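Architecture and fold: a report
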Amino acid sequence: MRRLANEKFVMEPGGNTKFLGKAVGYGIGLSGAFLEFPPAGPLLWGSVPLIVSLVETFPDFNPKEVSVFIGPVKLLKNPERLVIGENFLFTIQSTQITLDCTHFIDDKFRYYLYQLVLPHFAQLIGRLLFLHGGAFEVDKQAVGLVASSGGGKSTLLSAFLDLGYNLVADDRIGFVLEAEEPLVVPSHPYLRNYRKEEDIGKPVRKLTEKILPLQTIFFLRWTEKVEPFIEKVEPGKAFQNLFSNSVYFPDVKIQARKILRWLAQMKTYRVYLPKGKIETLPQVCNMILSLTINDKR
């Protein structure tokens, strides 16, 4: 057995690598002590090990076993497996994650672990429920931005980060499933605007480090008008938006019940963004901040 210099890995007989320690990504505060993994930020939470093995090839998979394609990613069931191109095969069984890789690419490994594997794992073991959206921090609260792909959420998030606000999450907002109020966990320090599926995005220096309440959500829409505007969203429409934008969750009834309970404690708005008018972003930011601050009073 050999310890590497940073003491976060242990090389076992047979070439396996075990990631040690506790972590903060997608769950700071849900467990005790943690280790960080610079420069990528949080790695794993709790005492869940990640076992890594180098292999020459992956086994042949029956195309009928593949349930979802996400860019270069295939999702297989029984057991849950994520096959990523020709490099990575993540397998989730019980409370353990294993990785077989033909070629270990460090930044790609972190990207797929943070963006796909950990969220999927967290949902399967009943820890987190994910919403397709982004969030930033204002006065110790998270503010959510929800839109479909290409809807402007990462661009707007980038504008708030340029103003000095902390990133909470980009693309996936993780809600603490066991909480009665809407609490969200920090994701990973990358912003993925103007990206392809396989791009990790650009690093962010200021990432929220604590679980935060989320009491305000803004649904983003494009408009042909020249000026941005905001309107309230009634609860029924808000539920439809949140439910349709929530990432796959194994139990639909729990998913719907939790969203309804959290929604009763939120303010929901629709923001109309003038299409192609990037110069209006500062005005949009001011409108969102004004409503968010007023809602806290």
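What you see is a predicted model, and the numbers here were worked out from it, not measured in a lab.

Glancing now at the nonpolar core. Residues F136, L145, L156, F218, L220 and I288 are the most contacted members of the largest nonpolar core, which totals 24 residues. Apart from residues lying up to four places away in sequence, F218 is in contact with V143, G144, L145, V146, I230, Y269, V271, I288, L291 and T292. Counting 23 residues, the second-largest nonpolar core is a separate cluster that includes V168, F219, V233 and W262.

All right, on to helix α4 (residues 252-263) then. Counted at 1.5 Å a residue, the expected span for α4 with its 12 residues is 16 Å, and the 16 Å between its end C-alpha atoms agrees. Three or more residues of α4 are buried, namely Q255, A256, K258, I259, W262 and L263. Angular distribution of buried residues about the axis of α4 spans 165°; they occupy a single face of the element. Taking the backbone nitrogen of K253 as reference, a side-chain oxygen 3.0 Å away marks D251 as the first, capping residue of α4.

Note that F239 resides in helix α3 (residues 235-245). Judged by its relative accessible area of 21%, F239 falls in the partly exposed class.

Before going further, it helps to spend a moment on the confidence of the model for the chain. Summing up the model confidence of the chain, the mean pLDDT is 78 and the portion of residues at 70 or higher is 79%. Across residues 1-24, confidence stays below pLDDT 50; counting only partners more than four residues off in sequence or on other chains, it has 62 contacts. This stretch, residues 28-45, has a pLDDT under 50; its non-local contacts, to residues over four places away or in other chains, come to 65 contacts.

Next up on the list: the environment of F61. Structurally, the position occupied by F61 is in the loop between β6 (50-54) and β7 (66-70). Looking at F61, the relative accessible area reads 24%, which means it is partly exposed. Taking the C-alpha atoms as reference points, F61 and L76, separated by 15 residues in sequence, lie 8.9 Å from one another. Leave out the neighbours within four places in its chain, and F61 touches L76, R81, V83 and L89.

Okay, the pairing of strand β19 (residues 212-223) next. Pairing geometry for strand β13 (residues 141-146) and β19, over five bridges, is parallel. By the bridge assignment, V143 is partnered in β19 with T216. Bridge analysis of strand β16 (residues 183-185) against β19 gives two bridges, and the strand direction is antiparallel. The partner of V184 across the bridge, within β19, is L212.

In this description, a pair of aromatic rings is defined by centroid distance and the angle of the planes. Per the stated rule, a full pass over the model turns up eight aromatic pairs. Residues F136 and Y165 carry aromatic rings whose centres are separated by 6.0 Å and whose planes lie at 70° to one another, so their mutual orientation is edge-to-face. Of this pair, F136 sits in strand β12 (residues 128-138) while Y165 is found in the loop between α2 (153-162) and β14 (167-169), placing the two residues 29 residues apart along the sequence. When its relative accessible area of 24% is taken as the criterion, Y165 is described as partly exposed.

Take the pairing of β7 next. Where β7 and strand β8 (residues 73-76) come together, four bridges link them in antiparallel fashion. Residue pairing across strands places F69 opposite K74, the latter belonging to β8. Where β7 folds back onto β8 in an antiparallel hairpin, the turn is made up of two residues, including G71, whose phi is positive at roughly 60°.

A few words now on unusual backbone geometry. Negative phi characterises most residues that are not glycine, and trans characterises most peptide bonds. With omega at -5°, the peptide bond leading from N78 into P79 counts as cis. Examined against the element boundaries, P79 turns out to sit in the loop between β8 and β9 (80-84). The phi angle at N78 is positive, at roughly 50°, despite the residue not being glycine. Take N78: it is sitting in the loop between β8 and β9.

Rules and cut-offs
- Residues numbered from 1 in each chain as written.
- Predicted model: local features only at pLDDT ≥ 70, side-chain atom pairs only at ≥ 80, totals over all residues.
- Heavy atoms only, no water.
- Core = buried A, V, L, I, M, F, W, Y, C linked by side-chain atoms within 4.5 Å.
- Buried < 20%, exposed > 50% of the residue type's maximum accessible area, 1.4 Å probe, protein only.
- Contact = heavy atoms within 4.5 Å.
- Helix = DSSP H or I, 4+ residues; strand = E, 2+ residues; numbered from the N terminus.
- Expected span 1.5 Å × (residues − 1).
- Arc of directions from axis to C-beta.
- Polar contact = N/O pair within 3.5 Å; in protein donor to acceptor, adjacent residues only side chain to side chain.
- pLDDT = per-residue confidence, 0-100.
- Pairing = 2+ DSSP bridges.
- Phe/Tyr/Trp six-rings, centres within 6.5 Å; stacked < 30°, edge-to-face > 60°.

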